[in-house]
Structures are given as structure tokens and as C-alpha cells.
Amino acid sequence: MKVVHTDVLVIGGGLAGLRVAIGARRRGLDATVLSLVPPKRSHSAAAQGGMQASLGNVFKGRGDDENAHFEDTVRGSDWGADQRVVRMFVHTAPKAVRELAAWGVPWSRVRAGDRQVVINGQPVTLAEHAAAHGLISQRDFGGTRHWRTCYVSDGTGHAMLYAVGDQAIAAAVPVHERKEALQLIHDGTRCHGAIVRDLKTGELCAYVARATVVATGGAGRLYQVTTNAMICEGGGIALALDTGVAPVGNMEAVQFHPTGIFPAGILVTEGCRGDGGLLRDARGHRFMPDYEPEKKELASRDVVSRRMEQHIRAGHGVQSRFGTHLWLDITLLGRAHIEKNLREVKEICESFLGIDAAQQWIPVRPAQHYTMGGIRTDHTGHSVGLRGLFAAGEAACWDLHGFNRLGGNSVAETVVAGMLVGEYVADWCERSAAWADVPMRLVRDALAAETAALAEACNRGTGESARQLRLELQQTMTAHVGIFRDGTHLEQAVETLESLARRSRTICLGRTAPGPNPELVDAYRVPRMIRLALAVAHGALARTESRGAHFREDHPQRDDARWLKRTLATWPDAWSNRPHLAYETLDVNAMELPPGWRGYGARNHLDHPDAAARAAEVARLRERHADDPAARQDALMPFADLLPPRLRGPNHRVEAEEETPVVAR
């Protein structure tokens, strides 16, 4: 039995995982990262548009601060977020973006003086203040009141990942590439690491750790058309679900990005619309103002995606040999802007569509993009059901995003959660047992069980095809658990997925080589994907309301009276065909921002019985502490003591000496 010992085992080599490992390493701990691919090939590199942080550097960002970012995020979540976590996040984000600048991320910068932009389809001249010259620039994104998204043209994730990857190398963090965690080692109460398969040799070994962190990203490949990379199959989330004791939260909350290029689904950044791009229909009509007269193309992603599909349903889509789509028009931004700030979009359009985005409209349609749900944790990233297990980034539900994520908050979350969880993991390790206290019989049993499971699949003479099951899974999720949902289709989805779960127990292989064997990989991944899909579909069927990205046509209202709660799913045992659902109620009386109208989308919700009283109390507290922001925050919802001491300080902002007018030309 081969055993690797480490203080912190990080499963996932993207931005969140690397940043956790760097944090733990800086605290003097051994940290080992497992990655399916070389870290700089992780899906984090695909993030295009930018990272939200309330710097307030640009003219249209003036007045921005943590309070505005907090309110935008909570409203964007449709009141599904943990507001303490949101406070921690918005406070730390400016520190994270400045840390990345110090690490070499070449953020686009402010140039003092006049600059041409497009706002609401019209050319506008903005005059940037001299005091902001050279500071990090910001662009507009959906669902925000200020321009807040820091960017590196449209290659933000790529630039961030390379900088963080270099820091991991500098910190001597070992990254074990082409390794896949198959099972968590645990005794039902405490996690001790994972059983890991080498994808090149097929060898199984045990990684024993004092703390295990899952940072494997989302589960976009549950759907046929997704902006996610091929490796985003939800493997890390499934590791927790399969324990039977570590719940996953809000799996029914699945975000669709409005602008996946059609028909491939490859991401076209929200920065296109943030910079002034417009959505048009078959007649060339700009239709979003008809539905969302205030926010238009820059309503939140769940709203824009639904409006696009609604417009297609009404018969206004563009017919093509691949199906129906709409247009994204960025030609009005001009070639110079596109080639400087949207060059990756331009290259994608040239390579995959054969068009010049500076002259031709881009065919787009919503595509699955983000998994708001994940391993349910507390504000430190620690699993609520299994001690010693942590999660960070898209694989986690700590719960920053609730039922809808704002653009730019995802790539920001990777590094912010990495900064915070890295510290909390180090604190845990300083208090927890050493490797010598890990029961080795538990490790041997876990390794033997996984070895037997793989051997059984290899030795089964007849049975199901994993690839056929994957295809049926993706077709079911796309057809029945998409942007628009209803009870009938969700019941069909659950019934079909349960059948797939039963069939997945008899997967057989045509090729049984132990080393590089995609068929064997599918044999153990696909059943996990089916279980995750059941958590999504069963949770969506049970939630008889519409909230954020979860939209039930048969229950179109957000129902705070009955459903202001978080879904928790656990898998009962190996022979179960559906997850067990439980619920975690959100406490309105502990909220800094009580539930109300989001400010965009339909004004259509049922109030929580405590919402009005809490809103009145919040108003009184704000008035009482109007002159003392720190006391006001402590009275409304204290959070500073939850942060690591070094991250509690205030964020500096440049305040303009005078207001600069906006002149339309």
C-alpha cells in the first residue's frame, strides 16, 4: 500500500486550490495539490471578463464601496446568499486584487483624461480624474450599480492563473498532475484524506492529510451545451455527496450564461455587454429594453437568459441549420476597442464561427455556465457534516452566490475564498491531530474498497455503456432541468435519472487496461455525475417556487414565506436511487439586508412574515448609528471578527477632488 502524507491535501489545481495551498504553505504547513491536468490548464484560465472588487477607481465607479458590492451581491442572489459570507467577501476582494497586482497580474489601467465608451448603445466621453491615473481600471457588468469589474482585457482568468501558479512554484507547493481522487477516506465523522488514481499508470494510492480541501470547480458537463471545460464534471462535489454525511447545498441552483456562441456554447464574456454590446433578434431589433427597461442587457444573468429564451419562444429568434439563436452586436464598439479589450472574443469568433466580430454580429444563445451549489460549508469553508473536509471556489456552497451569481464574483471568489480558507485550514491543522493518529486500518479498507470496485467494473462481461449513459444524462438535464422548469418535466427527469442510476451499477468495459483508459475513467465518473444530476433535479422538483436561476413556470413567484431556505442533499447509501433532502432555514432577523425586490426582473414575490419588521429595525439601527459606520455594522451584522486578523483592515480608495461631468457626443 502506497501512502503519501501531507498536512493539507488540496484536490483541484485551479485558482481556488492553488491559493489555499499557498496560504497553508505560508503558515508553515506541507500542502500538496492534486490536479487532473497541469494547473495552468485548469478551467480558471477560461474566465474572460474580470474580477469584482469595489476599488472605485474609474469615473463610473465613483461612490462604490463594500456596502454597494454587498447589496448588489445579496440582491443578485435573490436573497439565497449567506450575508455574513458576502460581507467577508466584499471586504476582502479589494485586498485580493491588489495582492494579485503585486504578484504580477497585468491589470488594465486607468488613463487620465477623456476616453470614449459606449453606454446604452450611445457613444459617451468620460473624463477620468488625474488622481486615478495608473490605477486598476474597471468595467461594467450585469446586476451592479457601479463599474466594479477589474480586468486584463478579456483574458483575466488566464493572467490570474499564471500569476498564482508562479507563486505556488515560488512557495514550493508540490502539484501532483494527472491524479484523480476517487474516494474520501473518512470514518463518518472525520476526513483523513483521499484514495487517488494515477491517470497515467492506473496506480491507486492513499493521500493521508490532516485537512482535505476540495477545489475542483463546477459540474457543467451534466448538460449538453456548457461553457465549462471537459473536466468540469462535478467530481469533487460528488466525493462529498458519496460520503453520505457531508451534505451538498443548493444543487438545483444552476446558472446559464446569456452569451454562449451558437451552437458550440463557448463563452463570450459579459464584458461584451458591459462594454456596450447589444442583444438583437432576427429583425435586428434590440429587444432587452422591452423586457428590462432599466437594466436592459445588464440585468443579472438569470434574468437576461430567461428573457432571451422568452423572446425566442415568441418567434423572434434567428433560424439556422443548427437551430434558433439571437445576435450579440459588438460592432458598435469599434475595431480598436475589440482588438484591445475583447481580443479573445475576436479570436474565438474567427476560429469557431469564421466571422469578424468587429464587422459581423455573433450568434449566441444561453448555455450552462456555473454551479451555485456545492459542498455545504460554514463561513470558514469547513464542511458542516464531515470534520477535516473543506471546500473552496465553485465546488463549495459557503454560500456566497445563493441562487444566482453576479458576473465577476466567481473569479473573485476563487482568490478571496483561497485567501480566507487557506488561513482557516491552517488554524484547523494547528489544533488537529497529526498523521500518526490516523487509523491506518481505515486507510487500508478504503483503498481495498476502491480497488475492488475498479476490478469489478473491469471483470464484468456484459452491461451498460458509460458513454451512452452520459449522453442520456446530458439529454435529460438539458431537456427537463434547464432555464425554464415545471413539475411535469422535473418528474420525468427524476424518473429517468433514477433509471440511469440503476443501470450505472452494471457498466462494463470493452478495454480494461489499467493505465491511460478513457473508458475506465468514464466507468467511475458517470455514476457520480448521475448522482449529482439527481441532487439537481430532485431539489428542483421539491422547490415549488422561483428564485434566481431556479425558475418554475408552474410556481413563478419567489416564496419567502415557505422557501427562504437552503437545500441540503445527502446520498443515503450505495444502493439508493435518489438523494435525501433536508433544509436549512435562513434567519431573516439576522440579515443586514432583509428580503425585498431585487431591483430588476419581475416584482413578483411573497414576503417572509418577519421581513417588514426586520426592515424597520434595520432602518432604526442605520439612523441611530448614522455617524459611526463601525458601530452601525456591528449593530446590523458583525463580521470583522470572523476574518483572519491580517485581513481586517480598511480598504483604501482614491476620492476625486471634484466631480467630472459625463458629456454625450
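### Notes on the pattern of salt bridges
Okay, step 1: Enumeration over the complete set of coordinates arrives at 56 salt bridges.
Okay, step 2: Across the pair K40 and D166 runs a salt bridge whose closest N-O atoms are separated by 2.6 Å. Taken together, the residues K40 in the loop between β2 (31–35) and β3 (51–52) and D166 in helix α4 (residues 156–170) connect sequence positions 126 residues apart.
Okay, step 3: Among the residues examined, D166 registers a relative accessible area of 42% and is labelled partly exposed.
Okay, step 4: Salt bridges here are not isolated pairs; linked through shared partners, they connect D78, E252, D302, R306, R543, E545, R547, R558, D560 and R598.

### A closer look at the confidence of the model for the protein chain
Okay, step 1: Averaged over every residue, the pLDDT of the protein chain is 93; residues scoring 70 or more account for 98%.
Okay, step 2: Of the regions scoring below 50 in pLDDT, residues 656–665 engages in 18 contacts with residues more than four places distant in sequence or in other chains.

### Comments concerning the pairing of strand β11 (residues 204–214)
Okay, step 1: Here β11 lies mainly inside the structure; 11 of its 11 residues are buried.
Okay, step 2: Alignment of strand β1 (residues 3–11) against β11, held across 8 bridges, turns out to be parallel. Looking across to β11, one finds that L9 is bridged to T212.
Okay, step 3: With 5 bridges joining them, strand β10 (residues 191–198) and β11 adopt antiparallel strand pairing. Considered in β11, the bridge of V196 is made with C205.
Okay, step 4: With antiparallel pairing between neighbouring strands as the criterion, β10 and β11 make up a hairpin whose turn holds 5 residues, including G202 at a positive phi of roughly 85°.
Okay, step 5: Two elements, β11 and strand β19 (residues 389–391), share 3 bridges in a ladder whose sense is parallel. Bridge pairing links T212 to L389 in β19.

### Brief notes about a negative patch on the surface
Okay, step 1: Together, D627, D628, D634 and D641 line one region of the surface with negative charge.
Okay, step 2: Position of D627 relative to the elements: it lies in the loop between α17 (611–624) and α18 (629–636).

### Some remarks on the layout of surface pockets
Okay, step 1: Reported here for the largest pocket is a volume of approximately 1,000 Å³.
Okay, step 2: Lining the largest pocket are 32 residues; nearest its centre among them are D242, A453, P527, R531 and A574.
Okay, step 3: Mapped onto the lining of the largest pocket, the elements with two or more residues apiece are β9 (179–186), α12 (440–459) and α15 (518–542).
Okay, step 4: It is α15 that contributes the most residues to the lining of the largest pocket, 7 residues altogether.

Cut-offs used in this document
Note on numbering: residues in each chain are counted from 1, in written sequence order. In keeping with the model being predicted, local features are shown solely for residues with a pLDDT of at least 70 and side-chain atom pairs are shown and tallied solely at 80 or more, while totals for entire chains, interfaces and linings include all residues. The basis for every side-chain value is the complete set of heavy atoms in the structure, and neither hydrogens nor water enter the calculation. Note on definitions: salt bridges are taken to be side-chain nitrogens of Lys or Arg within 4 Å of carboxyl oxygens of Asp or Glu. Secondary structure elements are taken from DSSP: a helix is a run of H or I of four residues or more, a strand is a run of E of two residues or more, and numbering for both begins at the N terminus. For the exposure calls, accessible area comes from a 1.4 Å probe over protein chains only, and a residue counts as buried if that area is under 20% of its type's maximum, exposed if over 50%, partly exposed in between. A score between 0 and 100, pLDDT records how confident the predictor is in each residue. Pairs of residues are marked as contacts when any of their non-hydrogen atoms sit within 4.5 Å. DSSP calls a pair of strands paired once it identifies at least 2 bridges connecting them. Here a patch means residues that are over 30% exposed by relative accessible area and free of salt bridges, tied together within 9 Å if like-charged and within 5 Å if nonpolar (Val, Leu, Ile, Met, Phe, Trp, Tyr). What sets the accessible areas is the Shrake-Rupley method with a 1.4 Å probe; for residues, cover comes only from the shown protein chains. Here the positive residues are Lys and Arg and the negative ones are Asp and Glu; neither His nor the chain ends is included. Charge placement uses NZ in Lys and CZ in Arg. For Asp and Glu, CG and CD serve respectively. Here a cavity means grid points, on a 1 Å grid over the protein atoms only, where a 1.4 Å probe fits yet cannot get out; a pocket means an open set of points with protein on both sides within 12 Å along at least five of seven lines; lining residues are those with an atom within 4 Å of a point. Grid points are joined across faces, edges and corners, and a volume is the space filled by probe spheres set on the points.

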